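Letter by letter, the chains look like this.
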Amino acid sequence: MQSRLRVQGHPIQPMLVTFPLGLFVSATVFDLTDVVGGPAFFGEVGYWTGIAALVAAALTAVAGMVDLWDVPGDRTRRTAVAFNLVNAVMAAMFLLTCLVRSHSSQRGASVAILVTELVALAAGGVGVHLGARLMRQFDSGRVDAGGLDALAGSTGEIASP
C-alpha cells in the first residue's frame, strides 16, 4: 500500500503528525509553567501554541483522510481508522481548552485546563502507538535498499571499483 501524498517517495502524513504532537506538548509545558506560578505570559504562549497545534492537526487530518481511501479493508484499515479517531479526540480536547480560554481577557491556564491537556496527551500517546503499528503494517515485506535490512543478504565483502 502506497500513500497518495508523498514527497520524494516518503509519505507526508507520518512527517506531518510530528508537528501537532510537538506543539501540543509544548502548549502543555507552557501551561504547566503558568499554573505552577511562572510568568503570566506563559499562559498566553501556551494558548497560541495550542492554536498553532490545532491548525497543524487539521492539515495532518486532511493528509490522513486522503491516505485512508487506499487502505485495504483488513486489520490495517481498522488500525488507520483508530489512529485517526484517537488523534481527532486529542485535537478536540485541545480545541475545547482553547475555546474556554478564548472567552477570557487573560488566556492563562487553570488546573482544569492543564488536566484536560494531560488527558489529551495521554490519548496522543495511544495515537503514537497506533501510528507505529500502522507504519509496521504498511512496511511489512518491504525492504529499503538503503537500510540495514539490505545488508542481511550480503557476504561482507566489499566490491572493488
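Going by the structure above, here's the rest.
Residues numbered from 1 in each chain as written. Predicted model: local features only at pLDDT ≥ 70, side-chain atom pairs only at ≥ 80, totals over all residues. Heavy atoms only, no water.

A. Spotlight on the overall build of the protein. Assigned secondary structure in the protein consists of 5 helices and 2 strands. Counting from the amino terminus, the protein carries its helices and strands in the arrangement β-β-α-α-α-α-α. Scored against the burial criterion, the 161 residues of the protein give a buried share of 32%. Contacts in the protein between residues at least 24 apart in sequence constitute 71% of all its contacts with a sequence separation of at least 6. (Helix = DSSP H or I, 4+ residues; strand = E, 2+ residues; numbered from the N terminus. Buried < 20%, exposed > 50% of the residue type's maximum accessible area, 1.4 Å probe, protein only. Contact = heavy atoms within 4.5 Å.)

B. Structural context of the nonpolar core. Formed by Leu 21, Phe 24, Tyr 47, Ala 53, Leu 54, Ala 57, Met 90, Ala 91, Phe 94, Cys 98 and Ala 120, the largest nonpolar core amounts to 11 residues. When contributions to this core are tallied by element, the ones reaching two or more residues are helix 2 (18-35), helix 3 (41-68) and helix 4 (75-102). Leaving out residues up to four positions away in the same chain, Ala 57 has contacts with Pro 20, Phe 24 and Ala 91. Grouped together as the second largest cluster of nonpolar side chains are 8 residues, Val 17, Leu 68, Ala 80 and Val 86 included. (Core = buried A, V, L, I, M, F, W, Y, C linked by side-chain atoms within 4.5 Å.)

C. The arrangement of the packing of helix 2 against helix 4 in detail. Two numbers describe how helix 2 lies on helix 4: the axes approach to 12 Å, and their chain directions differ by 40 degrees. Classified by the angle between their axes, helix 2 and helix 4 sit oblique to one another. Crossing of helix 2 against helix 4: the hand is left-handed. Contacts from Leu 21, Phe 24, Thr 28 and Asp 31 in helix 2 reach Met 90, Ala 91, Phe 94 and Arg 101 in helix 4. Of the residues that constitute the contact of helix 2 with helix 4, the class distribution is 5 nonpolar, 1 polar and 2 charged. (Axes fitted to C-alpha atoms, helices over the stretch in contact; angles between N-to-C directions. Parallel < 35°, antiparallel > 145°, perpendicular 65-115°, else oblique. Left-handed = near helix turned anticlockwise from the far one by under 90°. Nonpolar A, V, L, I, M, F, W, Y, C, P; charged D, E, K, R; others polar.)

D. The packing of helix 2 against helix 3, seen in detail. Relative orientation of the contacting elements helix 2 and helix 3 amounts to 165 degrees, with a least axis distance of 8 Å. With respect to helix 3, the axis of helix 2 lies roughly antiparallel. As helix 2 runs across helix 3, the sense of the crossing is left-handed. Classifying every residue of the contact of helix 2 with helix 3 gives 14 nonpolar, 7 polar and 2 charged.

E. Main features of a nonpolar patch on the surface. Taken together, the side chains of Val 111, Val 115 and Val 119 define a hydrophobic patch exposed on the protein surface, amounting to about 250 Å² of accessible area. Relative to the assigned elements, Val 111 resides in helix 5 (residues 111-139). (Patch = residues over 30% accessible without salt bridge, like charges linked within 9 Å, V, L, I, M, F, W, Y side chains within 5 Å. Areas by Shrake-Rupley, 256 points an atom, 1.4 Å probe, with all protein chains shown as cover. Salt bridge = Lys/Arg side-chain N within 4 Å of Asp/Glu carboxyl O.)

F. Representation of the pattern of salt bridges in the model. For the structure shown, the criterion picks out 3 salt bridges. Across the pair Arg 101 and Glu 117 runs a salt bridge whose closest N-O atoms are separated by 3.5 Å. Separated by 16 residues along the polypeptide, Arg 101 in helix 4 and Glu 117 in helix 5 bring together distant segments of the chain. The buried category is assigned to Arg 101, whose relative accessible area is 2%. Residues joined in a network through salt bridges with shared partners are Asp 31, Arg 101 and Glu 117.

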